[in-house]
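# Observations on the three-dimensional arrangement
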Amino acid sequence: MLANTHVVRAVFLLLGLALGTLQSGCGSSTGKAEAPSSNNAATMRMALSTTTGFTAIAADGRSTIPIRIEVTNGAGNALAGVPVTFATDAGTLAAAVVVRAASPETSVALTAATRAQNESRVTVTTDTSGVAQVLLTSSVFAGSATVTADLIADGQNFRTNIVIAFVPGPPARVSLNAAPSSVSATASSTITATVTDANGNPTPGATVLFSLSTNASGGSLNVTSRVTDAAGQATVTYTAGITQGTDTVRAQVTGTSVAGAVSLTVTAPTGPTAQV
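Model, not experiment: these values are computed from the prediction.

Looking now at the environment of P204. If you trace the backbone, P204 turns up in the loop between β13 (188-196) and β14 (207-215). Exposure remark for P204: the relative accessible area of 43% places this residue in the partly exposed category. Each C-alpha atom of the pair P204 and G232 lies 4.5 Å from the other, and the pair is 28 residues apart in sequence. The residues contacting P204, other than those within four sequence positions of it, are P168, T228, D229, A230 and G232.

Here it is, written out as structure tokens:
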């Protein structure tokens with residue numbers, strides 16, 4: 001019986017040691033399995049977009065587009081109170097307030113925040129939904145604006161960007177050039193029409209109709225319609241007739257009253273074919 005008692009005690013002692021080791025191991029594992037901080041830089045997510053779904057506005061110095069960033073952690077939780085610095089290399093920026101109404105649509109309103117100075121920068125803090133928003137106003141020059149958003153988390157800098165196109169407005173002017181502007185009878189000249197908007201930006205894709213509004217020489221055009229290229233230009237070839245005089249080529253943008261004209265002087269033919 002004494003031997004059996006010692007055996008039982010030894011078994012219980014071993015079980016106790018094993019249980020203690022198991023509990024110690026579990027406690028250590030639990031301490032290492034901490035949830036990541038809500039501001040963990042390794043899991044920072046930044047989504048930059050426009051609220052309209054478009055990435056182009058008119059290059060008129062007045063058109064605006066709201067640009068929004070949503071900042072979340074790796075779990076998708078919104079990060080509130082994070083300062084975000086927006087900057088643009090074209091146009092101007094102003095802080096905007098996110099307005100949430102009962103409808104699913106989101107609108108913005110311009111605040112009294114100071115516009116970015118010189119560098120076109122403005123800093124906005126994310127709201128309780130992790131959202132910060134600015135309003136970009138176009139310049140009068142066609143091209144593109146790269147808008148960046150920077151923030152600092154856990155000592156690291158994060159940046160994302162979006163490109164907004166500033167596109168020309170509707171045709172406002174047509175200027176014509178004849179090269180050369182003086183030709184002898186039956187000679188040719190290249191007529192170039194340049195279509196621009198109200199701010200002088202070339203307007204591509206405009207259909208231009210050409211005609212001879214005066215035709216003293218009996219001249220002609222090789223075509224009567226052209227579409228402007230990326231430089232806002234369309235060209236035709238004018239050929240003078242056999243009579244001296246002044247001819248006028250007119251160009252008009254279809255669907256508008258925008259038009260222009262250029263005159264050419266037709267001189268007597270030279271060389272053996274000239275008539276005395």
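A separate point is the confidence of the model for the protein. When pLDDT is averaged along the protein, the result is 81, and 74% of the positions lie at 70 or above. pLDDT under 50 marks residues 1-41. Its contacts with residues more than four places away, or in other chains, come to ten contacts. When the criterion is pLDDT under 50, residues 100-118 qualifies, and its contacts beyond four places in sequence or with other chains add up to 33 contacts.

Right, let's get into the sheet that holds strand β16 (residues 225-227). Within the open sheet, the five strands sit side by side as β12-β19-β18-β14-β16. Their pairing is mixed. For this open sheet the edge positions go to β12 (182-184) and β16, each flanked by a neighbour on one side alone. Mean inter-strand twist for the sheet, computed between neighbouring axes without regard to direction, equals 30°. Sheet topology note: the β12/strand β19 (residues 259-267) ladder contains three bridges and is parallel. Along β19, the bridge assignment pairs S184 with T267.

Formed by 30 residues in total, the largest nonpolar core has its most connected members in I67, I69, F86, L136 and L151. Secondary structure elements with two or more residues in this core: β1 (45-50), β3 (64-72), β4 (83-88), β5 (92-100), β7 (121-125), β8 (131-137), β9 (143-153) and β10 (156-167). It is β9 that contributes the most residues to this core, five residues altogether. If we skip the residues at most four places from it in the chain, F86 touches L48, I69, L93, S120, R121, V122, V124, A132, V134, T148 and A149. With 22 residues, the next largest nonpolar core counts A206, A240, V249 and V266 among its residues.

Attention now goes to the side chain of T88. Examined against the element boundaries, T88 turns out to sit in strand β4. Accessibility expressed as a relative area gives 7% for T88, which makes it buried. Within the structure, the side chain of T88 is placed 2.6 Å from the backbone oxygen of A90, a separation counted as a polar contact.

Using the criterion set out here, one finds two salt bridges in the structure. As a salt-bridge pair, R159 and D150 come within 2.8 Å of each other at their nearest N and O atoms. With relative accessibility at 11%, the residue D150 sits in the buried group.

One open sheet accounts for four strands, arranged β11-β13-β17-β15; its pairing is antiparallel. For this open sheet the edge positions go to β11 (173-179) and β15 (220-221), each flanked by a neighbour on one side alone. Looking at chain direction, β11 and β13 are connected through seven bridges and run antiparallel. Residue N177 lies in a different strand from β13, and its bridge partner there is T192.

Cis geometry is found at the peptide bond from A179 to P180, where omega equals 0°. Relative to the helices and strands, P180 is located in the loop between β11 and β12. In this structure, T186 takes a positive phi of about 70° despite not being glycine. With respect to the secondary-structure elements, T186 resides in the loop between β12 and β13.

This part covers the environment of T243. Structurally, the position occupied by T243 is in the loop between β17 (233-239) and β18 (245-253). Here T243 falls in the partly exposed class, since its relative accessible area comes to 39%. It is 7.4 Å that separates the C-alpha atoms of T243 and V266, two residues lying 23 residues apart in sequence.

Rules behind the numbers
Residues numbered from 1 in each chain as written. Predicted model: local features only at pLDDT ≥ 70, side-chain atom pairs only at ≥ 80, totals over all residues. Heavy atoms only, no water. Helix = DSSP H or I, 4+ residues; strand = E, 2+ residues; numbered from the N terminus. Buried < 20%, exposed > 50% of the residue type's maximum accessible area, 1.4 Å probe, protein only. Contact = heavy atoms within 4.5 Å. pLDDT = per-residue confidence, 0-100. Pairing = 2+ DSSP bridges. Axes fitted to C-alpha atoms, helices over the stretch in contact; angles between N-to-C directions. Core = buried A, V, L, I, M, F, W, Y, C linked by side-chain atoms within 4.5 Å. Polar contact = N/O pair within 3.5 Å; in protein donor to acceptor, adjacent residues only side chain to side chain. Salt bridge = Lys/Arg side-chain N within 4 Å of Asp/Glu carboxyl O.

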